[in-house]
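These are the residues of each chain, in order.
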Amino acid sequence: MTTTIVLQQAINGVVFGSLYVLVALGLTLIYGVLVQINFAHADFVTLGAFAAYFFMHLLGAGYFLSIGVAFLVGAALGWLINASIFTPLRLKGNELLPLIATIGVSVMMQNLMLTWFGPIPYAFETEYSSQVIRFAGIFVSWQNIIIIAVSSVTIALLYAFMKFTFLGKALRAVSQDRETAGLMGINPNYLIMLTFVIASALAGMAGAMLAPVLVLTPFAGTSVIVKAFAIVIIGGFGNVEGTILAGLIVGLIESYTTQFLDPGLIDIVVFALLLVMLVIKPTGLIAERREENV
Amino acid sequence: MTEAAAAERPVATGTAPLLRAQNLHKSFGGVHAVFDISLDVPTGSIFAIIGPNGAGKSTLLNLISGIYQPDSGSVALDGQDLSSMRAHRRVRLGLARTFQKIRLFKQLSVLDNVIAGFHVHHKIPAWQYVIHGKDFARDRQHCREEAMRLLDFFGMSARLNVFAGELSYGEQRMLELARSLATKPRLLLVDEPAAGLNAAEVDVLLDRIRTLRGRGITVVIVEHNMDLVMNVADRIMVMDYGRHLFQGTPSEVQKNPAVIAAYLGGELS
Amino acid sequence: MSDSAISQRVGNDKMLRSRWVGYLLAALCIIALPLIFNDTYWRTNLTICAINVLLALGLDFILGYTGQLNLGHSAFYGLGAYVSTLLIVKLGIPFWAAFVAGVAFAGLAGMFLSLFAVRLRGHYLAIASLGFAVIIYQILLNWISLTQGPLGIYGISPPPGIVVGGTVIADFRNLTAFFYLVSGFTLLVYLLLDQLVRSPVGETLTAIREDEVSAASLGINGAVWKVFAFGLGAAVAGAAGCFYASFVGTLVPDAFYVSEAFTILAMVIVGGMGTLIGPVFGAILLTLLPEILRGIGDLRLVVYGAALTFVVLFMPGGLVQAARMIHEKLRPGGRRP
């Protein structure tokens, strides 16, 4: 019996973990390139979810198409927030101002969504939520399989993009040294914009996949963001491999805490882990030292 | 800088070097920034560390001032081992420094920047930070006057109330020096002071540094431009690729073939 | 003494006098307000204002003066409220002793949090503080045997009145008296912070905020001061929490949800981060604005969020910066730091 439960929760852990990874990857990409945090990232997740919901249920479109819509909505939001907030504030040089500005955006977005959509959860049902496979005594819904499949493919593509393509390498170059990258003919502004677009598109997409398995309210993103931040820190700011690893770990921790302890303790456990990491290894699981230039 | 203030500091005894670094090593990610560097800086002298860009000079300075901890080796100030001390504690022993990339408090005025430098020298009982009594007023007055004297020494009396961020580059350099002198150091580390200054400004700068030596402050200058230090240094150490290349008087350094090779086509006069 | 030194001395004296005039005016305003607005509704609002000013002051000391981005100020608010209330309700400890305990607990929690992230970049502290606020909220919500969770604690009494030789000087069940108590305390805290800021402590904190490495080269131990400032700011929030609990009479965890931290942040930023008078105006404005513009009740938080974003983008110094700009336009002459 216990092995079944352990396996079941492992699957759940991977499902949620891979979604957290998608959200966290966006945050870590932005940090890697710009050393900034977009606090409204979570609300992009929520808005992506709502976009997918309305596209599906108002226009009767298919689920996969809705995921694509959420992807595009996320991309648009990413472009918008870079253009309106991060680019103008970059000239001011204060490293904490953009974060504060995005907190304002987050508060605005959440409460606007609250006004438009109301606090009552939306039932985001897809044709896959109820179809279940059964093997070795475990139940896996097609929804879960889709999530794992789409996430893995996306993460793999992103990883390959970062490691092997010119643009991907350029992104890493810009994160190491913006001036030199600029001198080498790479336009940092364009790359930063691209980073935001990709990162936020991932967030939107994650929202579309999360909504059927979580509760869809204007605060859906918030429940994820706090874990996403934890993942980014545990995995190491700007570190893609670390984030993937940390995301899966957090997903698994969440499942097992829910099963064996108490769901209310999840946040506490994850954050206790975060604080412990900050003490012993603040640069993250897979250390990547960034010496401050004096 | 008043003679009285200079006299407050204990004078180093005999001919023991004020600063002694021994076998310093520092690597970053497998690359040796500093490899087996030792140096002795006699009290009251001007000691220059020169080398091409990337030679490890700034890293060495960071090791001495305590921003980096060495992988091995030691640093001692007037016989006192500094190894376990973090940067801010070394200031109390009389070690001050300026930075290659100017780090002023841009939102503060020129005067306030220098006053900030008196941090380790305030003599105010704790309660008077809340209820500003006599000692508080006296300390404030003293700090103001000292700060103005320091700024006068650097010719900045006319700019007291200007925001540090609005100064010209040369003025910012002077301000940085004035501020570091507020800590009443025995040893002053100056990191590439001439970068970005025109010839006239450099002359003034070097002249001020000579005057400081005359008042008993030992100065260590890091520079990549050898011409500059020729006229002011008592002793020069040349670094290249993190290693010790040569050490000697300015004329010896100028004639040394290894040094000339390292500076191929560089800034030799 | 040089001319500039003399004129600075004179300038100092003039500044000193205008400061005390300012404090006197503030005290007079405080005394007058509940007499002008003599209905329960407005007096309640004024008291909430005072509590919010206290919260904003504490946060600005941490954020504006020391440069630590604290996104979890609601945690210290809640800790002060719950610790003091639980001591009173469960252990029968007298109000002021519990008050001190609540303040101390909140202060220590702040120092504890600051220690974690003291040598790391600002973003780490921001997230750690956010996480801390979430954890505290979850604890308050879920540790039902201790805090009664969402059901809340009821029947919290106001502070005991001041009785001298049989005559009641102050009865804090009276709204006006309570307002005087809280505002008086707030004014004292303002004075304390003001004195600190105008001393070498203020210079030290500013130096750390501007450039910590540079400050270290002047002998400043950044870690110690950051922890100190955080503790003090958190303690002030704890005091606000104690007052809040005894004012509202019931205590539920939702009052200390993370969004409260963002509201306080908005007050600081809109008012003017890095000044003391800024948070005062920011808190007053953002507390009273929704009451004045009744129609936007539901959109209150949207307005806060918008205010926060636009202030950061276009006038990062908040109301204080706006006031300075107007002041400069009205009088000729150059800018003085």
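Residues numbered from 1 in each chain as written. Chains lettered and ligands numbered in written order. Predicted model: local features only at pLDDT ≥ 70, side-chain atom pairs only at ≥ 80, totals over all residues.

## Comments concerning the overall build of chain A
Part 1 of the argument: Per the secondary structure count, chain A includes 11 helices and 2 strands.
Part 2 of the argument: Counting helices and strands in the order they occur from the N terminus, chain A gives α-α-α-α-β-β-α-α-α-α-α-α-α.
Part 3 of the argument: In summary, chain A has a C-alpha radius of gyration of 19 Å against a globular reference of 19 Å for 294 residues, a match within 12%.
Part 4 of the argument: Counting only C-alpha atoms, chain A reaches 60 × 45 × 35 Å along its principal axes.
Part 5 of the argument: When burial is assessed residue by residue, chain A has 50% of its 294 residues classed as buried.
Part 6 of the argument: Contacts in chain A between residues far apart in sequence, at least 24 positions, make up 76% of those at least 6 positions apart. (Helix = DSSP H or I, 4+ residues; strand = E, 2+ residues; numbered from the N terminus. Rg over C-alpha atoms; globule rule 2.2 N^0.38 Å. Buried ≥ 20, exposed ≤ 12 C-beta atoms within 10 Å, placed from the backbone. Contact = placed C-beta atoms within 7 Å.)

## What to know about the overall build of chain C
Part 1 of the argument: Along its length, chain C carries 14 helices and 2 strands.
Part 2 of the argument: Scaling as 2.2 N^0.38, a compact globule of 337 residues should have a C-alpha radius of gyration of about 20 Å, and chain C matches this with 21 Å.
Part 3 of the argument: Along the first, second and third principal axes, the C-alpha atoms of chain C reach 65 × 45 × 45 Å.
Part 4 of the argument: A separation of at least 24 residues holds for 75% of the contacts in chain C among residues at least 6 apart in sequence.

## Some details on the interface of chain C and chain A
Part 1 of the argument: Between chain C and chain A, the contact holds 32 residues from the first and 31 residues from the second.
Part 2 of the argument: Take the side of chain C that touches chain A: its biggest share by element is 12 residues, from helix H5 (residues 122-142) of chain C.
Part 3 of the argument: Looking at the side of chain C that touches chain A residue by residue, the classes come out as 24 nonpolar, 7 polar and 1 charged. (Nonpolar A, V, L, I, M, F, W, Y, C, P; charged D, E, K, R; others polar.)

## As for the environment of C:Cys242
All names here are of chain C.
Part 1 of the argument: Within the secondary structure, Cys242 is located in helix H10 (residues 222-248).
Part 2 of the argument: For Cys242 and Leu193, which are 49 residues apart along the polypeptide, the C-alpha to C-alpha distance reads 20 Å.
Part 3 of the argument: Leave out the neighbours within four places in its chain, and Cys242 touches Gly80, Ala81, Ser84, Phe99, Gly102 and Val103.

## Some points on unusual backbone geometry
Residue and element names in this part refer to chain B.
Part 1 of the argument: Not every positive phi belongs to a glycine, and Asn23 is a case in point at roughly 50°.
Part 2 of the argument: Looking at where Asn23 falls in the secondary structure, it is placed in strand E1 (residues 19-28).
Part 3 of the argument: Its identity as a non-glycine residue notwithstanding, Glu192 has a phi of 45°, on the positive side.
Part 4 of the argument: Residue placement: Glu192 occurs in the loop between strand E7 (187-191) and helix H7 (199-214).

## Notes on the packing of helix H2 (residues 41-59) of chain A against helix H3 (residues 63-90) of chain A
All names here are of chain A.
Part 1 of the argument: Direction vectors running N to C along H2 and H3 enclose 140°, while the axes themselves pass 8 Å from each other. Judged by the angle between their axes, H2 and H3 are oblique. Here H2 runs over H3; the crossing is right-handed. Residues Phe44, Leu47, Gly48, Ala49, Ala51, Ala52, Phe55 and Met56 of H2 pack against Tyr63, Ser66, Ile67, Val69, Ala70, Val73, Gly74 and Leu77 of H3. (Axes fitted to C-alpha atoms, helices over the stretch in contact; angles between N-to-C directions. Parallel < 35°, antiparallel > 145°, perpendicular 65-115°, else oblique. Left-handed = near helix turned anticlockwise from the far one by under 90°.)

## A closer look at the packing of helix H9 (residues 220-235) of chain A against H5(C)
Part 1 of the argument: Where H9(A) meets H5(C), the closest approach of the two axes is 10 Å, and the angle between their N-to-C directions is 135°. It follows that H9(A) is oblique to H5(C) by the angle criterion. Classified by chirality, the crossing of H5(C) by H9(A) is left-handed. Note on element contacts: H5(C) touches H9(A) through C:Tyr124, C:Ile127, C:Leu130, C:Gly131 and C:Val134, opposite A:Val226, A:Phe229, A:Ala230 and A:Ile233.

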